[in-house]
Amino acid sequence: MLLLKEFRSAQFNNAHKVFVKMLSSKNESLPDIIDSAKQLCKMIISSPKYGLETELDQCGVPICQDSVERVLKKLENGGMLAYRFFCWAEKKHNFCHSVNAYHTMIGSLAKIRQYKLMWDLVSAMQRERVLNVETFCIIMRRYARFKKVEEAVYAFNVMDKYGVVQNRAAFNGLLGALCKAKNVRKAQEVFDEMSERFEPDAKTYSILLEGWGREPNLPKMREVYNNMINKGCEPDLVTYGIMVDALCKSGRTEEAVELVREMSFRRYEPTTFIYSVLIHTYGVEKKIENAVSTFLEMERNGIKPDVVAYNALVTAFCKVNKYENAFRVIQDMTEKSINPNSRTYNILLNGLITDKQAEEAYRVFRNMIKTTCQPDSDTYTIMIKMFCDTDRLDRALKMWKFMKLKQFVPSMHVYSVLINGLCGKGEVSQACALLEDMMEKGIRPMGSTFGRLRKLLLKEGREDVLEFLVEKMKDLIDPFYDDN
């Protein structure tokens, strides 16, 4: 009887959420949703430090789950600014956040190490009965990224307390988080302890193979591979891709090529990823002929190159300073309706800057912004750093203004390169203003950046400003945060 009551209660809650979603969407069309999201982003980014909620209340821009998701995605680097918008939207009549909105916000808070607020959102999702395995996988990945291994394991262990069943997907999520954090030994330890509870599949073994490959520890990788075979788990294309990648990164290119040949015996055709790895490796080794011939072989075998494969070829040409060829590759991409992405341009920019061709890099950037491809955080970091390194602080500041005009919320790295550039030119007041703006958004500066500014403030006898910034920094420290 109790189970039936709980089932009916869950049915009612789910039906209520669907009804609320229908009300909150107001049948808005996609153009309307995009327009609303743009208006909200512009207002949030340009709003004063105080009074954001009042401005949002008075703006009259309608919100729905889709528009809120778009705003939060745009403000991913916005930290507490994004959180204030999230809380404001939550209080609106007949509105409830989607699972995607919760996940984006959890990821954003974890990025700035606001773990208490992150867990508050998990509790809110539990009350709304929308918690799922992916929620905990996001948390595990974020903890692991900051080398918080025990916390990542804790997130896995408390799943059942939140009413989420620990399954193989969660197990794989934990292993993947640990391996991406370069702690494959802990991942192997967890695997050895828990593999009887969760029957490993090809994905489980592939995660460990990738972890040992990145270590790099090829004997251990082969041991895991043999264990996989002995357990009757057949390797798939992902498994082969990981092993080819690991061999290439360890300088065993010929062995990787042999493994690709072995694939054909098992009736597996190499994927674009596998070809991309080989092309990239030949490029790094400056074997441009091998890189080009591998790309052409892929096309001959009827495998259509994707943007990753093209990016690998662009990398190969940049490594040997053949930029005209790299430009022709990009032209070939567009002719074949494969749009270059920000990574494509970032590869070119890095190559040109390394080759001390700053003006050419600036030209490439200007061409980039005329296309549908928009700069990402790495692009802005690369360009601002280039201008600072070449004594063009004026252009670095113009780039910052352009970024703001595009409603792009800078990440910690973008802030850091400009603050360091300002410090290098003795522009202490501007650097302080930027640091304050950064902390207002809940983004904690790197120790090296804060330390550099601290020295300059002490040198100028501005202890009062330093004290103010230190207090601001203290406000950012989450009680669950430690710097180790």
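Up top is the structure these notes are about.
Just so it is clear, the model here is predicted, and its values are computed rather than measured. (Residues numbered from 1 in each chain as written. Predicted model: local features only at pLDDT ≥ 70, side-chain atom pairs only at ≥ 80, totals over all residues. Heavy atoms only, no water.)

Colleague: How would you summarise the pattern of salt bridges if you had to cite specific residues and measurements?
Modeller: Per the stated rule, a full pass over the model turns up 28 salt bridges. Of the charged contacts in the structure, one is a salt bridge between K116 and D120, with a shortest N-O distance of 3.6 Å. On the criterion of helical spacing, the pair formed by K116 and D120 is a turn pair, its members being four residues apart in helix α7 (residues 115–128). Here E440 makes a salt bridge to K472, at a shortest N to O gap of 2.3 Å. Taken as a pair, E440 in helix α25 (residues 428–440) and K472 in helix α27 (residues 463–476) lie far apart in primary sequence, 32 residues in all. For K472, a relative accessible area of 17% corresponds to the buried category. Within this structure, E150, K186 and E189 form a network of salt bridges that share partners. (Salt bridge = Lys/Arg side-chain N within 4 Å of Asp/Glu carboxyl O. Helix = DSSP H or I, 4+ residues; strand = E, 2+ residues; numbered from the N terminus. Buried < 20%, exposed > 50% of the residue type's maximum accessible area, 1.4 Å probe, protein only.)

Colleague: Can you break down unusual backbone geometry residue by residue, with the values?
Modeller: The omega torsion across E215 and P216 is -10 degrees, close enough to zero to call that bond cis. Within the element layout of this structure, P216 appears in the loop between α12 (202–214) and α13 (218–230). In this structure, K147 is a non-glycine residue whose phi angle is positive, near 65 degrees. With respect to the element layout, K147 can be found in the loop between α8 (133–145) and α9 (149–157).

Colleague: Report on the packing of helix α20 (residues 342–354) against helix α21 (residues 358–368), specifying residues and quantitative values.
Modeller: Where α20 contacts α21, the axes come no closer than 9 Å and their chain directions differ by 165 degrees. The pairing of α20 with α21 is recorded here as roughly antiparallel in orientation. Viewed along their axes, α20 and α21 form a crossing whose handedness is left-handed. Here S342, Y345, L348, L349, L352 and I353 of α20 come into contact with α21, specifically with E360, A361, V364, F365 and M368. Broken down by class, the residue content of the contact of α20 with α21 amounts to nine nonpolar, one polar and one charged. (Axes fitted to C-alpha atoms, helices over the stretch in contact; angles between N-to-C directions. Parallel < 35°, antiparallel > 145°, perpendicular 65-115°, else oblique. Left-handed = near helix turned anticlockwise from the far one by under 90°. Contact = heavy atoms within 4.5 Å. Nonpolar A, V, L, I, M, F, W, Y, C, P; charged D, E, K, R; others polar.)

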